[in-house]
Amino acid sequence: RRARRWLCSGIMSKDPNASNPSAFLKNVLGRPVVVKLNSGVDYRGVLACLDGFMNIAMEQTEEYVNGQLKAKYGDAFIRGNNVLYISTQKRKG
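Source: prediction; values computed, not measured.

Rules behind the numbers
- Residues numbered from 1 in each chain as written.
- Predicted model: local features only at pLDDT ≥ 70, side-chain atom pairs only at ≥ 80, totals over all residues.
- Heavy atoms only, no water.
- Helix = DSSP H or I, 4+ residues; strand = E, 2+ residues; numbered from the N terminus.
- Buried < 20%, exposed > 50% of the residue type's maximum accessible area, 1.4 Å probe, protein only.
- Contact = heavy atoms within 4.5 Å.
- Areas by Shrake-Rupley, 256 points an atom, 1.4 Å probe, with all protein chains shown as cover.
- Salt bridge = Lys/Arg side-chain N within 4 Å of Asp/Glu carboxyl O.
- Phe/Tyr/Trp six-rings, centres within 6.5 Å; stacked < 30°, edge-to-face > 60°.
- Lys NZ or Arg CZ within 6 Å of the ring centre and 35° of its normal.
- Core = buried A, V, L, I, M, F, W, Y, C linked by side-chain atoms within 4.5 Å.
- Pairing = 2+ DSSP bridges.
- Axes fitted to C-alpha atoms, helices over the stretch in contact; angles between N-to-C directions.

Outline the overall build of the protein chain, supporting the account with residue identities and numerical values.
Per the secondary structure count, the protein chain includes two helices and five strands. In the protein chain, the order of α-helices and β-strands from amino to carboxyl end is α-α-β-β-β-β-β. Within the protein chain, the proportion of its 93 residues that are buried is 37%. Of all intrachain contacts in the protein chain linking residues separated by at least 6 positions in sequence, the fraction that spans at least 24 positions is 43%. Of the roughly 6100 Å² of accessible surface on the protein chain, 49% is carried by carbon and sulfur atoms.

Structure below.
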């Protein structure tokens, strides 16, 4: 949990209604997201936290290659320079 405290330190906007990437990321913390890597691999799970370098900590993570589930992880850490984008994901019913 110590790593999570470090990762969650302060890049987020103070105004949650601001229309910028920091506000978006603050609003999706703790929610399901899709993280697409430069390699084309998708990671789907709950965004636990991230830092100013876009290093990401996720929980309940699933790895998808070409749209097919390849692996399930509890916690996953993704180095920011590998991230192409982060998008929201609808919660599973």
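From this point on, the discussion continues.
Please provide a residue-by-residue account of the pattern of salt bridges, values included.
Tallied over the full model, the rule gives three salt bridges. The shortest N-O distance in the salt bridge between Asp42 and Arg44 comes to 3.7 Å. It is possible to trace a salt-bridge network through shared partners that takes in Lys36, Asp42 and Arg44.

Run through unusual backbone geometry, naming residues and quoting values.
For Met54, which is not glycine, the phi dihedral falls at a positive 65°. Inspection of the secondary structure puts Met54 in the loop between β2 (42-50) and β3 (56-65). Positioned with a positive phi, Gln60 is a non-glycine residue whose angle comes to about 50°.

Could you give an account of the packing of aromatic side chains, with specific residues and numbers?
Scanning the entire structure with this criterion turns up zero aromatic pairs. Above the plane of the ring of Tyr64 lies Arg44, whose end atom (NZ or CZ) is 3.9 Å from the centre.

Would you mind going over the nonpolar core in detail, with residue names and values included?
One finds Val35, Ile56 and Ile78 to be the most contacted residues of the largest nonpolar core, which totals 14 residues. Apart from residues no more than four positions distant in its own chain, Ile78 is found in contact with Val35, Leu37, Tyr43, Met54, Asn55, Ile56, Met58 and Val83.

Give me the sheet that holds β3: which residues, what numbers.
If you trace the five strands from one edge of the open sheet to the other, you get β4-β3-β2-β1-β5, paired in antiparallel fashion. On the outer flanks of this sheet lie β4 (68-78) and β5 (83-88), each paired with one strand and no other. This sheet shows a mean twist of 30° between the axes of neighbouring strands, independent of strand direction. By the bridge criterion, seven bridges tie β2 to β3 in an arrangement that is antiparallel. Opposite Tyr43, over in β3, you have Glu63 as the bridge partner.

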